[in-house]
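The lines below spell out each chain.
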Amino acid sequence: MSVSPAPVVIKKYANRRLYDTELSAYITLENLMDMVKQDRGFVILDARTGDDITRGVLAQVMLEEETRGRAMLPVAFLRQLIRCYGHSRQGEVSDYLERMMGEFMDQQPPGGTVDGLGQENAAVVRQAMSLFTSLYAVERTGNRTVENLLQEIMDLRQQVETLQTRLDNGTDRAATSD
């Protein structure tokens, strides 16, 4: 049984420099990006306070990539994502995005390209975008609450099941009368 190595501790100093404690050397955001691509575990700590600032620094890595002309995140998606901050379902959005990205990465072909992933991945992206849209559609529907909408969905599901049962029974009767 293999034991995964402990994550590398990176310290970020007030002068914005990043120090890799494993290498005993200063590193750049590009080095962090390479570590991510190599799937190397690391945690970034504020050198003064010891606070975990990994999330913020990774966001900075993404910002650098977006501004270098390697944009990947559509503006509409970024706007929807920003709207989710502070929303009561923010944690659900975070979990959903992590799960969907994990599934997307698991579907990567051996060459690492996304060509050929096709309609399935497009559907996942559409589903993610509709999640964000639906969160705010609920807010714009006046006095309708998430609980009310969920109840409506459950009622509709029950109605569909009832109709399906009726159809199945009608089909069974038609088949036995022949």
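Residues numbered from 1 in each chain as written. Predicted model: local features only at pLDDT ≥ 70, side-chain atom pairs only at ≥ 80, totals over all residues. Heavy atoms only, no water.

Things to note about the pattern of salt bridges
Right, on to step 1. If you walk through the whole model with that rule in mind, you get 6 salt bridges.
Right, on to step 2. The salt bridge involving Arg40 is made with Glu22; its shortest N-O contact spans 2.7 Å. Here Glu22 lies in the loop between strand 2 (18-20) and strand 3 (25-27) and Arg40 lies in the loop between helix 1 (29-37) and strand 4 (42-46), a separation of 18 residues in the sequence.
Right, on to step 3. The partner of Arg68 in a salt bridge is Glu65, with the nearest N and O atoms 3.1 Å apart.
Right, on to step 4. For Arg68, a relative accessible area of 41% puts it in the partly exposed group.
Right, on to step 5. Owing to a relative accessible area of 13%, Glu65 belongs among the buried residues under this scheme.
Right, on to step 6. Here the salt bridges do not stand alone but share partners, grouping Glu30, Glu64, Glu65, Arg68 and Arg70 into one network. (Salt bridge = Lys/Arg side-chain N within 4 Å of Asp/Glu carboxyl O. Helix = DSSP H or I, 4+ residues; strand = E, 2+ residues; numbered from the N terminus. Buried < 20%, exposed > 50% of the residue type's maximum accessible area, 1.4 Å probe, protein only.)

Here we look at unusual backbone geometry
Right, on to step 1. Phi at Arg16 takes a positive value of approximately 75°, unusual for a residue other than glycine.
Right, on to step 2. Mapped onto the elements, Arg16 comes out in the loop between strand 1 (8-12) and strand 2.
Right, on to step 3. Residue class for Arg16 comes out exposed when judged on its relative accessible area of 67%.

Details of the side chain of His87
Right, on to step 1. The topology assignment puts His87 in the loop between helix 3 (75-84) and helix 4 (90-106).
Right, on to step 2. Within the local environment of His87, its side chain forms a polar contact with the backbone nitrogen of Arg89, the two atoms lying 3.0 Å apart. (Polar contact = N/O pair within 3.5 Å; in protein donor to acceptor, adjacent residues only side chain to side chain.)

So, the nonpolar core
Right, on to step 1. Formed by Val8, Ile10, Leu18, Ile27, Leu32, Met33, Met35, Phe42, Ile44, Val57 and Val61, the largest nonpolar core amounts to 11 residues.
Right, on to step 2. Mapped onto this core, the elements with two or more residues apiece are strand 1, helix 1, strand 4 and helix 2 (54-67).
Right, on to step 3. Top contributing element to this core by residue count: helix 1, with 3 residues.
Right, on to step 4. The residues contacting Ile44, other than those within four sequence positions of it, are Ile10, Lys12, Leu18, Leu32, Asp51, Asp52, Ile53, Thr54 and Val57. (Core = buried A, V, L, I, M, F, W, Y, C linked by side-chain atoms within 4.5 Å. Contact = heavy atoms within 4.5 Å.)

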